[in-house]
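The lines below spell out each chain.
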Amino acid sequence: MILQALFQLAQREGLVEDPDFEWKRVPWIARIDLQGRLLGIESTHYTPPVEPGSRRKPKPVAKQFRMPREPARTSGDRAFLLCDKADYAFGIVNTTSPEASEAERTARRFELFRQRVNGCWHDTQDEGVKAVLTLLDKVAANPDSVQLPEGYGPAELIAFALAEDVDRLVTDRPLVRDYWRLQRSVPPEPGGRAVCLVTGSRLSERALFKPIKRMPGATTSGAPLVSFNSPAFMSYGWHGNANAPVSREAAEAASEALVRLVDPTYPDPRNPGQALPKRHLRITADTLVCYWAASEAGDSLAEILGGLLDEDTDASRVSEQYRSIWRGKAAPIKDPTAFYALVLTGAQGRLVVREWIESSVGDAARNLAQHFADLELPGWVRRAGADGDDAHISLRSLVAALAPQGKEDQVPGAVVGQIIDAALYGTAYPISILQRALLRARAEIGQCSGGGGLDAYSARRRMDARTALVKAILNRRFRQSGGRHMLKEVSPMMDPNLKSPGYLFGRLLALVERIQQEALGDVNASVVDRFFAGASATPRAVFPRLLKNVRHHVRRAKDNPGGAGRVVWLERLLDDVLAGLPAEKGFPTHLDLEQQGLFLLGYHQMRKWLWLGSEERQAWAAQFPDAPRVYQPASNG
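Residues numbered from 1 in each chain as written. Predicted model: local features only at pLDDT ≥ 70, side-chain atom pairs only at ≥ 80, totals over all residues. Heavy atoms only, no water.

## Observations regarding the overall build of the chain
Phase 1 of the analysis: Looking only at helices and strands, the chain has 20 helices and 12 strands in total.
Phase 2 of the analysis: The buried share among the 637 residues of the chain stands at 52%.
Phase 3 of the analysis: Of the contacts formed within the chain by residues at least 6 apart in sequence, a portion of 69% connects residues at least 24 apart.
Phase 4 of the analysis: Accessible surface, the chain: about 28,600 Å² in total, of which carbon and sulfur atoms supply 51%. (Helix = DSSP H or I, 4+ residues; strand = E, 2+ residues; numbered from the N terminus. Buried < 20%, exposed > 50% of the residue type's maximum accessible area, 1.4 Å probe, protein only. Contact = heavy atoms within 4.5 Å. Areas by Shrake-Rupley, 256 points an atom, 1.4 Å probe, with all protein chains shown as cover.)

The following block contains the structure:
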């Protein structure tokens, strides 16, 4: 189904309307005259415009041209037609001190390139090809006559153009294009019995899939989506790509569609000079998600999905019905158009498909709204700094929250796929993500409760996103299990009526921390720094000691100027939380994963609630009118 959807995308956007040619980035053009004199080697690099809502400065990229479509070089030497690397095009070795074997190989490659140009000249008699051949003959006689321009990088392509043709390459000349189509039109051997898995037509050749370049995590030469290059990947006696019989037409179309999806500036074949809209979002160093609709009717969601999942809040790009998704409100969209998402990780041998998602535009929009509703935490709960950033929590923030020190490349691509799968399908998150989130919370809690600075700010941002993710995980498990795991769903705000043990213990630790601060001020290692991990997993081993010490802190805090009233209020809150615990059972010896998640939520929400301003506390009280009196604004002494 993946190949069929990619094939249909290529057909819809006209990516293979001229199947004998493909778009390639050509960084350098060798400008020549009709006498074969080299006038210069020009760069085609340009800086693309900044994407709306993006904070990243774009890097210069090479211009793309329609070049003859050729099979990828897998092993051995093979020259491309009229466009290749410097060792093929001019016989120039790419190293400063080449060994004899390298020089011999470069000379062999240059001769292969000359032979291809000579064959083209023999069949076309085109004056542009003749000029290139004349130049190559001069280079063969005097290898030092060509110098590569400053900035030429290894493996960059060099094409040729006549001076009078301006922007038209030699490969664009009519006679050359006709020649290449004839070269590609050789019919396959008759008698084939296999059926193409994509089109359903009979075929007698099995095409190789083009390596996909610009894929994070893969080699610079690219990695294919489908490939069989080892006996371990073969079965039933089939060799190579006979294991996956796909026609050349389908393989080239599917590969080209994937190239288009991972390229942020893929040229629009129907509108020269313009690029097709971006259809991917890079999440980690080696993983990205591609997305598209089956028809133009669904492009409205595909156009803004990257912004929805990332941090693009540019209102000019997102209609009101889609902006409501950020707020967790289901958009009134009932579009049945098929919608696809493909999560890929680059690897050395081939691309790794992490997730394949088939949905509809309407269902995907509805599930995305639920995704943001489950993540919802009000600004005062997840405010990480003085800027009060209340934007939605992005996919990249969720992944960073699961990584040591926010290093996204240390999160496996499979985890990224699971989060995207839950966002677009509305399914439950794997329990392994909850476990990973709790491990990171314990490891970084000391940074979150520390002072200022960029590291502390980033740690608090990660804790905010981590708490939101834990809330989403638990609430989905509650809904999809029929309420077997928890008493009720967790509110975005601190809920004084939620009596789950883990949630109460988390609130209790936040109160103990605040009382210690009232008594001692800022200390090098607070109770949270020292006991968070133990309190969240084994309450019986930690809380009796903490509650014994808290009485000493209460007495000391009451002696501080102006502290008596606040401490009395904190004591009343502490008593209310303790009253919610089952007295006959005492402190449990351990908490399971769900209760540990509730512990994190209880601590995080209570800690933020204790520092609310008067207006925020009034707004909270309006949401919980049945809260005990001690929580009402007037009770805060």
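Here the narrative resumes.
## Remarks on the sheet that holds strand β9 (residues 280-282)
Phase 1 of the analysis: With respect to topology, four strands assemble into an open sheet ordered β9-β10-β11-β12, the strand pairing being antiparallel. If you trace the sheet from one side to the other, it starts and ends with β9 and β12 (352-360), each paired once. Strand after strand, the sheet turns through a mean of 15° between neighbouring axes, direction not considered.
Phase 2 of the analysis: Summarising the sheet, strand β11 (residues 338-345) and β12 pair through eight bridges and their orientation is antiparallel. Its bridge partner being in β12, A341 is matched across the sheet by I357.
Phase 3 of the analysis: Contacts between helix α6 (residues 248-262) and the sheet are confined to β9, β10 (287-293) and β11, with β10 contributing the most and set at about 110° to the helix.
Phase 4 of the analysis: Its contacts with the sheet put helix α7 (residues 299-309) on β9, β10 and β11, and the angle it makes with β10 is roughly 155°. (Pairing = 2+ DSSP bridges. Axes fitted to C-alpha atoms, helices over the stretch in contact; angles between N-to-C directions.)

## A word on the environment of L261
Phase 1 of the analysis: Relative to the helices and strands, L261 resides in helix α6.
Phase 2 of the analysis: Assessed through its relative accessible area of 0%, L261 is described here as buried.
Phase 3 of the analysis: Beyond its immediate stretch of four places on either side in the chain, L261 contacts L6, L9, R279, H280, C290, Y291 and W292.

## What to know about the packing of aromatic side chains
Phase 1 of the analysis: A full pass over the atoms with the stated rule returns 16 aromatic pairs.
Phase 2 of the analysis: Here the aromatic rings of F90 and F160 are separated by 5.7 Å at their centres, their planes lie at 65°, and the arrangement is edge-to-face. Taken together, the residues F90 in the loop between α2 (86-89) and α3 (100-124) and F160 in strand β6 (residues 158-162) connect sequence positions 70 residues apart.
Phase 3 of the analysis: A residue is classified by how much of its surface remains accessible, and F160, at 0% relative accessible area, is buried. (Phe/Tyr/Trp six-rings, centres within 6.5 Å; stacked < 30°, edge-to-face > 60°.)

## Remarks on empty space enclosed by the protein
Phase 1 of the analysis: As enumerated under the stated definition, the model contains four cavities of 30 Å³ or more in all.
Phase 2 of the analysis: One number sums up the size of the largest cavity: a volume of about 120 Å³.
Phase 3 of the analysis: Taken together, 11 residues line the largest cavity, and the ones lying closest to its centre are C448, M463, H604, R607 and K608.
Phase 4 of the analysis: Where the lining of the largest cavity is concerned, the elements lending two or more residues are α13 (431-448), α14 (454-480) and α19 (593-609).
Phase 5 of the analysis: At five residues, α19 tops the list of elements feeding residues into the lining of the largest cavity.
Phase 6 of the analysis: Residues belonging to the lining of the largest cavity are distributed by class as follows: five nonpolar, two polar and four charged. (1 Å grid on protein atoms, 1.4 Å probe; cavity = no way out; pocket = protein on both sides within 12 Å on 5 of 7 lines; lining within 4 Å. Points joined across faces, edges and corners; volume = space filled by probe spheres on them. Nonpolar A, V, L, I, M, F, W, Y, C, P; charged D, E, K, R; others polar.)

## What about the pairing of strand β3 (residues 38-43)?
Put simply, side chains in a regular strand alternate between the two faces of the sheet.
Phase 1 of the analysis: Across five bridges, the pairing between strand β2 (residues 28-32) and β3 is antiparallel. Along β3, the bridge assignment pairs I32 with L38.
Phase 2 of the analysis: The loop that links β2 with its antiparallel partner β3 comprises five residues; one of these, G36, has a positive phi angle of about 80°.

## So, the confidence of the model for the chain
Phase 1 of the analysis: A residue-level look at the chain finds 86% of positions with pLDDT of 70 or above and a mean pLDDT of 85.
Phase 2 of the analysis: Taken as a whole, residues 384-390 scores under 50 in pLDDT and shows 12 contacts with residues more than four places along the chain or in a different chain. (pLDDT = per-residue confidence, 0-100.)

## Some details on the sheet that holds strand β5 (residues 83-84)
Phase 1 of the analysis: Strands sit in the order β3-β2-β6-β5 across an open sheet of four strands; the sheet is mixed. The strands lining the two open edges of the sheet, one partner per strand, are β3 and β5.
Phase 2 of the analysis: Contacts from helix α4 (residues 127-141) reach β2, β3 and β6 within the one sheet, and its direction differs from that of β6 by about 120°.

## Topic: helix α1 (residues 2-12)
Phase 1 of the analysis: Extensive coverage of α1 is indicated by the burial of eight of its 11 residues.
Phase 2 of the analysis: Taken as a whole, α1 has its buried residues at I2, L3, A5, L6, F7, L9, A10 and R12.
Phase 3 of the analysis: Tucked inside the fold, the buried residues of α1 contact α6, β10, α7, β11 and β12.
Phase 4 of the analysis: Positioned one or two residues after α1, G14 has a phi angle of 70°, which is positive.

## What to know about helix α15 (residues 501-520)
Quick reminder: α-helices carry 3.6 residues per turn. Residues three or four places apart thus point the same way.
Phase 1 of the analysis: Taking 1.5 Å of rise per residue, 20 residues should cover 28 Å, and α15 covers 28 Å from first to last C-alpha, within 8% of that figure.
Phase 2 of the analysis: Counting buried residues along α15, 17 of its 20 residues qualify, which places the element largely inside the surrounding structure.
Phase 3 of the analysis: At the C-terminal side of α15, G521 shows a positive phi close to 75°. (Expected span 1.5 Å × (residues − 1).)

## Focus: the pattern of salt bridges
Phase 1 of the analysis: Applying the stated criterion across every chain yields a total of 48 salt bridges.
Phase 2 of the analysis: Notably, a salt bridge pairs E303 with R279, separated by 3.5 Å at the nearest N-O pair. With a gap of 24 residues between them, E303 in helix α7 and R279 in the loop between α6 and β9 connect regions that are remote in the sequence.
Phase 3 of the analysis: Given the relative accessible area of 4%, R279 is considered buried.
Phase 4 of the analysis: Notably, a salt bridge pairs D374 with R476, separated by 2.7 Å at the nearest N-O pair. A residue pair is termed long-range when its members are at least 10 positions apart, and D374 in helix α9 (residues 361-375) and R476 in helix α14 qualify at 102 residues. R476 shares its class with D374; the two are buried.
Phase 5 of the analysis: Salt bridges linked by common partners bring D20, E22, R69, R184, K210, E252 and E256 together as one network. (Salt bridge = Lys/Arg side-chain N within 4 Å of Asp/Glu carboxyl O.)

## So, unusual backbone geometry
Phase 1 of the analysis: The backbone of Q125 shows a phi angle near 55°, a positive value even though the residue is not glycine.
Phase 2 of the analysis: Among the secondary structure elements, Q125 is positioned in the loop between α3 and α4.
Phase 3 of the analysis: Taking the relative accessible area as the measure of exposure, Q125 reaches 49% and is therefore partly exposed.

## What to know about the packing of α9 against helix α12 (residues 413-425)
Phase 1 of the analysis: Where α9 contacts α12, the two axes come as close as 6 Å, and the packing angle between them is 115°. Taken together, the axes of α9 and α12 are roughly perpendicular relative to one another. Residues A364, N367, L368 and H371 of α9 lie in contact with α12, whose contacting residues are A423, L424 and Y425.
Phase 2 of the analysis: Tallied by class, the residues present in the contact of α9 with α12 amount to five nonpolar, two polar and no charged. (Parallel < 35°, antiparallel > 145°, perpendicular 65-115°, else oblique.)

## Remarks on the side chain of D165
Phase 1 of the analysis: Secondary-structure assignment places D165 in the loop between β6 and α5 (174-184).
Phase 2 of the analysis: When its relative accessible area of 13% is taken as the criterion, D165 is described as buried.
Phase 3 of the analysis: Side chain to side chain, D165 and R173 meet in a polar contact 2.7 Å long. (Polar contact = N/O pair within 3.5 Å; in protein donor to acceptor, adjacent residues only side chain to side chain.)

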